Amino acid sequence: MAQAGVERRDGDKMTRRGLLRNIMWVSAGAFALQVAVTGLSMFWPRKVEGFGSVIDAGPLENFPVGSVTRVRDGRFYISRLPEGILALYWRCPHLGCTVPWVESEQLFICPCHGSVYEPTGQNIAGPAPRPMDVMQVEIRNGRVLVNTGVIRERARHTPADVTPV
Ligand code: FES
């Protein structure tokens, strides 16, 4: 009887020891997994959206010739010229105000100091030293993609600035 009791106690000790060992291994495994996930997440590419990334402005048919469309997420206008598409950064080259498109005038008119721009972005009045900057445009599968991370200054508007369609 006494030996059976010892055996039982020894069995209990083994069970507790085994349980503690299992808890230790599970904890160590969870810790290692957390370290691995944290480490890998540093190398995982992040999804980038909005200004600074490539923005899908929509299907080409949304931009009829003569239209100027504001794309808020990318901070640009799509100006649809007869020869193609122009993406104009809405920041005024003078001192950085946001330049609105004035539909009634068919011009961009900066409210800060009165610089005036044609639909091509060419400056025609006011203190602005150059035309509105342009962003890189690509037409792919009938959609207008604008890379808002590539903004180019220009001394004057030229046909080469326009992406043909
Ligand atoms: S900031 Fe636009 S004209 Fe000065």
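Residues numbered from 1 in each chain as written. Predicted model: local features only at pLDDT ≥ 70, side-chain atom pairs only at ≥ 80, totals over all residues. Heavy atoms only, no water.

Quick look at the state of the cysteines
Inspection of the entire model under this criterion finds one disulfide. C97 shares a disulfide with C112; S-S distance 1.9 Å. Given an S-S torsion of about -100°, the disulfide between C97 and C112 has left-handed geometry. Of this pair, C97 sits in the loop between β4 (84-89) and β5 (101-102) while C112 sits in the loop between β6 (107-109) and β7 (116-117), and the two are 15 residues apart along the sequence. Taking the relative accessible area as the measure of exposure, C112 reaches 37% and is therefore partly exposed. (Disulfide = S-S within 2.5 Å. Helix = DSSP H or I, 4+ residues; strand = E, 2+ residues; numbered from the N terminus. Buried < 20%, exposed > 50% of the residue type's maximum accessible area, 1.4 Å probe, protein only.)

Let's talk about unusual backbone geometry
Even without a glycine there, the phi angle at Q106 is positive, about 60°. Mapped onto the elements, Q106 comes out in the loop between β5 and β6. Taking relative accessible area as the criterion, Q106 reaches 34% and is therefore assigned partly exposed. Residues other than glycine seldom take positive phi values, yet N141 does so here, at roughly 55°. Inspection of the secondary structure assignment puts N141 in the loop between β9 (134-140) and β10 (143-152).

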